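Summary of structural features
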Amino acid sequence: MTVVAGLTTVTGPLRIYGRSAQLHAIDSLLTGVRQGRGGALVLAAAPGLGRTTLLAHAARSFRSLRAGTVLSTRAVPAESLIPYSGVHALWCAGAAERALPKEPGALLAMVRDLAGGRPLLICVDDAHLWDAASRAALGFTARRLGGPHPVALLLSVAARRADDPQLAALPVLHLDPLAPPEAAALFDGLTEGGADTVVREEVLQAAGGNPRLMHSLVAGLTPQQLAGRAPLPQRLYDGHTFPYDGPERIELPPDTEELLLLVAVAHEPGAEGAGADADLVLLAGATAGLDGAALGPAEAAGLVHRAAGRIRFDAPGLRHALYTAAPPARRRAAHRLLASVLDDGRTPPLLRKLHRALAAEGPDAPLATALAAEADAPGTASHARRAAALSAAADLTRAPRERALRRAAAAHHARLAGRPAQARELLAAARSESADIRVRGAVALVRGQLALGDGPVADAREALLLAAELLTPHDPDGAREARLCAMAAAWDMGDAAAYLAALGTPPDAVAPGPPAAGTAPDAGPDPARDTDKAPTPAPDPLSEEYRAAMSFVMRGRLGAASRGLRGVVARGQAADEPSRLLRAGVAALVVGDLAAASRVNARALAAARARGTDIHVPQALEYLAYADLRAGRHARARAHAEEGLRTAGRTGQRNIAAQHHAILALVASVEGEDEAVAAHAAAAARTADRHGLVQAATLAQWALARTDLSRGRAPEAAARLGPVVRPGPRRGHFAVRMLAVPCFVEAASLAGEGESARGSVAEFADWAAQGADPQAPAQLARCHALLAVPEKSDALYTVALARHALVGGDFESARTQLLYGKWLRRRRRPGEARGLLRDALVSFERCGARAWAAQARAELRATGEARTTEPPDGLSRLTPQQLRIARCVAEGATNREVARRLSVSPRTVDHHLRNVFALLGVRSRVELSRLVARSEQHTCRDEP
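Counting restarts for each chain: residues are numbered from 1 in the order of the written sequence. Owing to the predicted nature of the model, reporting of local features is limited to residues with pLDDT of at least 70; listing and counting of side-chain atom pairs is limited to 80 or more, with chain, interface and lining totals taken over all residues. The side-chain values count all of the structure's non-hydrogen atoms but skip hydrogen atoms and water molecules.

A short note on the overall build of the protein chain
Across its full length, the protein chain carries 43 helices and 10 strands. Relative to its 944 residues, the protein chain shows a buried fraction of 54%. Computed by Shrake-Rupley with a 1.4 Å probe, the accessible areas treat only the displayed protein chains as cover when residues are assessed. Within the structure as shown, the protein chain displays about 38,200 Å² of accessible surface, and the carbon and sulfur contribution to it stands at 53%. Secondary structure follows DSSP: runs of H or I at least 4 residues long count as helices, runs of E at least 2 residues long count as strands, and numbering of each begins at the N terminus. Exposure categories follow from relative accessible area, calculated using a 1.4 Å probe and restricted to protein chains: below 20% of the type maximum is buried, above 50% is exposed, and the middle band is partly exposed.

As for the pattern of salt bridges
Whenever Lys or Arg places a side-chain nitrogen within 4 Å of a carboxyl oxygen from Asp or Glu, that contact is recorded as a salt bridge. Taken as a whole and assessed by the stated rule, the structure comprises 41 salt bridges. Here R461 ties to E462 by a salt bridge, and the two come within 2.8 Å at their closest N and O atoms. By relative accessible area, which is 47% here, E462 ends up partly exposed. In this structure, a network of salt bridges that share partners links the residues D395, R403, R407 and E433.

Considering the environment of S382
If you trace the backbone, S382 turns up in the loop between α15 (365-376) and α16 (383-395). A C-alpha to C-alpha distance of 5.9 Å links S382 and G612, two positions 230 residues apart in sequence. A polar atom in the side chain of S382 sits 3.1 Å from the backbone nitrogen of R385. Definition of a polar contact: a pair of N or O atoms within 3.5 Å, with one able to donate and the other able to accept a hydrogen when the atoms are protein atoms, and with sequence-neighbouring residues admitted only if both atoms are side-chain atoms.

Side note on unusual backbone geometry
Notably, D126 is not glycine yet its phi reads approximately 55°, a positive angle. The backbone phi angle of A308 is positive, close to 50°, even though this residue is not glycine. Mapping A308 onto the fold places it in the loop between β9 (304-307) and β10 (310-313). Note on A308: relative accessible area 80%, which makes it exposed.

Some remarks on the packing of helix α27 (residues 617-630) against helix α28 (residues 634-650)
At a minimum axis distance of 8 Å, the contact between α27 and α28 shows a crossing angle of 160°. One way to sum up the angle between α27 and α28 is to call them roughly antiparallel. The element α27 and its partner α28 pack so that their crossing is left-handed. Contact residues: V617, P618, L621, L624, A625, D628 and L629 in α27; H634, R636, A637, H640, A641, E643, G644, T647 and A648 in α28. In this analysis an axis means a line fitted to C-alpha atoms, helices contributing only their contacting stretch, and an angle means the value between N-to-C directions, from 0 to 180 degrees. When describing relative orientation, an angle under 35 degrees is termed roughly parallel and one over 145 degrees roughly antiparallel, while 65 to 115 degrees is termed roughly perpendicular and anything else oblique. In this scheme, a crossing is called left-handed if the near helix is turned counterclockwise away from the far one by less than a right angle; it is called right-handed if the turn is clockwise. Note on contacts: a residue pair qualifies if any of its non-hydrogen atoms lie within 4.5 Å across the two residues.

Quick look at the packing of helix α19 (residues 437-453) against helix α21 (residues 476-493)
The geometry of α19 relative to α21 is characterised by a closest axis approach of 10 Å and an angle of 25° between their N-to-C directions. When the interaxial angle is binned, α19 and α21 end up roughly parallel. As α19 runs across α21, the sense of the crossing is left-handed. When α19 is examined against α21, the residues L445, Q449 and L452 are found in contact with a partner set consisting of G478, E481, A482, C485, A488, A489 and D492. Under the grouping applied here, Gly and all other residues not named as nonpolar or charged are polar, the nonpolar ones being Ala, Val, Leu, Ile, Met, Phe, Trp, Tyr, Cys and Pro and the charged ones Asp, Glu, Lys and Arg. Here the residues of the contact of α19 with α21 sort into six nonpolar, two polar and two charged.

Focus on the confidence of the model for the protein chain
What pLDDT reports is the predictor's confidence in each residue, on a scale of 0 through 100. Taken residue by residue, the protein chain gives an average pLDDT of 81. The fraction at 70 or more is 85%. α19 holds the highest mean pLDDT among the elements of the protein chain, 95, whereas strand β3 (residues 89-91) holds the lowest, 49. Note that pLDDT drops below 50 for residues 506-534; the model gives that stretch 68 contacts with residues more than four away or on any other chain. Below a pLDDT of 50 lies the segment residues 938-944, which in the model reaches three contacts outside its immediate sequence neighbourhood of four places, other chains included.

Some words on helix α35 (residues 776-787)
With 12 residues, α35 extends 16 Å between its outermost C-alpha atoms, agreeing within 8% with the 16 Å of an ideal straight helix rising 1.5 Å per residue. Across the 12 residues of α35, 10 count as buried, placing the element largely inside the fold. Looking at the buried side of α35, the elements it contacts are α33 (737-750), α34 (758-769), α36 (790-807) and α37 (810-826). Helix span is expected to be 1.5 Å times the residue number reduced by one.

Concerning the nonpolar core
Generally speaking, soluble globular proteins have nonpolar side chains that are buried together. By size, the foremost hydrophobic cluster in this structure holds 136 residues, and its most contacted members are Y499, M550, L565, W702 and F844. The dominant element in this core, judged by the number of residues it contributes, is α21, at 10 residues. Counting 31 residues, the second-largest nonpolar core is a separate cluster that includes A294, V304, F313 and L318. Only buried residues count toward a nonpolar core. Its members are Ala, Val, Leu, Ile, Met, Phe, Trp, Tyr and Cys residues joined through side-chain atoms within 4.5 Å.

Some thoughts on the sheet that holds β10
Spatial ordering of the open sheet is given by β8-β10-β9, a layout of three strands whose pairing is antiparallel. Strands at the two margins of the open sheet, each flanked by one partner only, are β8 (276-277) and β9. Packing of helix α9 (residues 254-266) onto the sheet brings it into contact with β8, β9 and β10, and relative to β10 it is tilted by some 100°. Here, strands pair whenever DSSP counts at least two bridges between them.

Some details on the packing of aromatic side chains
Whether two aromatic rings pair depends on their centres lying within 6.5 Å, for rings of Phe, Tyr and Trp, where Trp uses its six-membered ring; planes under 30 degrees apart make the pair stacked, over 60 edge-to-face, and the rest tilted. Across all of its chains, the model carries nine aromatic pairs by this definition. Centre to centre, the rings of W491 and F734 are 5.2 Å apart; their planes meet at 85°, and the pair counts as edge-to-face. Of this pair, W491 sits in helix α21 while F734 sits in the loop between α32 (714-725) and α33, and the two are 243 residues apart along the sequence. Both rings, one in Y797 and one in W823, keep their centres 6.3 Å apart while their planes meet at 55°; by these two values the pair is tilted. Placement of Y797 in helix α36 and of W823 in helix α37 is noted, with a sequence separation of 26 residues between them. Both residues of the pair, Y797 and W823, count as buried. Aromatic rings pair up to connect W491, Y499 and F734 into one cluster.

What follows is the structure, encoded as structure tokens:
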């Protein structure tokens with residue numbers, strides 16, 4: 001395997017995605033060399049994650065600046081499977097190669113001689129394949145660079161060799177698989193945005209964040225396949241081009257290949273990241289006469305590693321590549337071997353039957369029935385494993401209708417496991433196998449649910465209503481679930497009439513109260529129940545009460561709905577099934593019980609994680625973030641929305657991701673992060689426009705308007721919010737626009753257009769009277785104060801503050817104090833204004849509302865307040881999130897540790913940290929720590 005520095009495999013400038021921290025570190029290293037300082041850096045990554053590309057980028061950058069010479073290494077022969085112990089060489093374009101000595105001192109002397117006092121960059125790719133003596137010489141040399149010899153040594157190693165003792169004390173940067181947003185950006189760049197949505201999903205899932213595999217997969221698809229006009233190949237992976245540790249395919253001994261296939265087969269569905277049970281693999285191998293030592297060459301080649309009793313593949317997707325590349329007969333033999341050694345007393349029955357099914361050579365009705373029954377048993381396995389079992393049962397089923405129903409059931413569980421691409425593939429197979437009305441209904445239900453998470457919601461609603469119609473005679477539970485999901489689609493559309501149509505004819509509200517004794521939680525529809533005419537099921541009190549209450553809500557009778565909604569909360573909060581808990585969480589939000597909304601949705605989140613229903617996790621986080629926003633807990637809303645954004649990406653739910661973007665825009669509009677508001681609002685709007693998400697679009701506009709208002713741009717804010725809150729074609733979402741009315745009234749009043757807001761205030765008064773939001777009565781009094789004649793405003797502001805005191809909420813209370821303080825100052829009552837403005841400033845600072853705090857300071861100065869200083873040393877220029885990150889870094893935390901502490905991604909931390917460095921004019925984490933320490937000391941001295 002020839003190891004070059006990557007310079008022969010990367011021929012032109014590439015856009016590098018998701019590697020800002022690594023690029024920043026490389027640029028710092030090269031800058032140091034140009035300024036006369038030496039240094040070294042190790043890039044550690046699994047195959048295909050881009051370490052060679054980064055070396056190529058470094059070399060290209062160094063050459064483009066004409067900063068000095070670039071040298072690279074080569075010399076590992078293609079047949080090598082173990083660290084090469086021959087002679088390495090340094091190579092430079094247009095110059096003769098020079099052999100590298102293995103003696104540490106000799107190598108150091110040679111490098112200094114080559115530099116000759118001028119900047120020199122040496123790139124060493126795949127240093128882990130060098131023998132120990134050569135690696136020791138490299139480490140010795142790297143630790144002694146500097147002084148009058150400005151040499152940079154840039155090495156790459158496999159991820160598992162990052163802690164090589166021969167390279168000890170050298171700085172190491174790890175490359176993880178690309179996060180979903182970066183992977184999607186890479187895919188869109190490779191396809192110029194012209195790929196079909198489903199194709200995009202399937203390639204992203206297959207690539208697993210591996211850039212080289214992404215390139216390979218896209219290159220292997222025809223234009224027709226990329227556009228979704230031709231079927232995708234059965235195997236998206238090409239086992240012969242998968243990115244191993246080198247540009248050539250690694251040839252392994254036959255026994256090693258057999259053991260690797262056993263490792264691939266032994267991974268459990270839904271837990272692929274956990275690896276395979278090493279004891280199980282070695283026992284199965286021994287049964288087949290394979291020595292466990294045969295795994296050694298694969299470990300040496302960087303394909304797998306053993307740790308804590310598990311065997312894991314070192315590259316994303318490699319397991320699937322090996323499995324799909326193996327001939328079917330070999331795969332069946334491996335499954336048969338595992339099934340024969342599984343311990344009946346220790347292994348779940350479903351897993352044993354699954355291996356037996358995958359080893360079968362044709363239809364087997366008894367095994368299919370037993371496997372499907374095991375998969376249908378509640379609580380016995382993860383949804384991913386149940387999807388795999390039902391899919392295997394379908395393969396063993398001869399009758400087309402029964403086979404299609406099992407595939408639809410498998411798709412149902414694949415969706416719940418957060419695997420939409422797998423679900424869609426199963427649905428396509430089911431629909432092609434049978435036109436039975438029950439099959440059509442089951443397929444339409446899952447397809448509509450998938451579109452509800454990622455697709456035009458109007459289309460989702462139609463598919464779900466069709467499913468309800470088809471399933472009513474055969475699967476009433478499924479029909480009921482279809483209607484409830486159609487209601488959710490209409491909610492996202494912001495269409496009250498469509499919501500009422502989806503409701504059908506709801507019964508009268510059921511009297512609220514605790515669930516009846518022995519009521520079983522609803523496990524959702526069962527698409528595989530094999531009956532032509534299902535018996536009429538017992539009514540589900542929670543679902544029926546929810547439908548009845550929401551019927552009143554959609555007709556504008558929130559007061560009449562309140563009793564039923566509270567009944568839904570009471571019934572649902574004791575459930576342990578995520579969808580029921582989420583329904584109760586929605587009811588709590590609609591009725592304005594924010595404490596219950598937080599409690600119930602937190603329970604839904606815990607239940608979704610415990611049950612492995614990954615599809616429900618981002619939605620539970622969305623509802624938690626809404627409760628936090630309305631309660632004024634903006635930092636917590638940010639944490640929930642950031643996690644929700646990541647999980648929505650992982651589960652392929654772009655519609656929910658759009659809602660999280662809108663929430664993050666609203667949080668940033670409070671904290672004064674204008675760039676973040678614009679970015680998140682734009683991201684929300686892109687999906688909202690394509691998929692008809694009126695709620696996300698309304699929230700995004702509200703966030704932009706609130707940013708305008710915080711910066712004193714009242715006319716712009718009024719222009720944004722006017723169409724949202726008033727009747728007309730651009731009217732906002734029915735559940736959100738009332739929440740935005742106080743902002744509109746404030747903007748219109750400050751812009752001198754108060755009369756235009758009176759109609760909205762009247763409508764807001766009716767809504768507030770129904771108890772929909774705890775802050776509404778105080779906000780209503782503030783709106784009246786803004787529009788009243790001066791003789792009445794004073795008393796109305798006082799009423800507003802008194803109402804705020806009853807419900808709390810720093811941000812809204814501070815906004816009223818700020819407006820009242822402004823009003824008093826303009827009436828030449830500065831003494832009274834100061835107290836209110838001081839209180840507003842403290843509250844804004846406490847909740848991190850920087851732009852609003854700046855307004856309060858300016859008003860205080862205008863009253864003659866002597867001391868309205870900002871935090872020292874420039875820290876006041878940081879956003880709240882930047883300040884949190886700066887303080888964590890000052891305490892010595894790494895970017896990963898900061899990300900875990902603040903529940904954000906390492907990429908987000910890196911982005912904010914680079915902005916912090918630029919804003920504060922510091923060049924290192926040490927300088928930042930000193931500056932933060934000085935600031936904290938200054939603050940302590942100022943305190944009385």
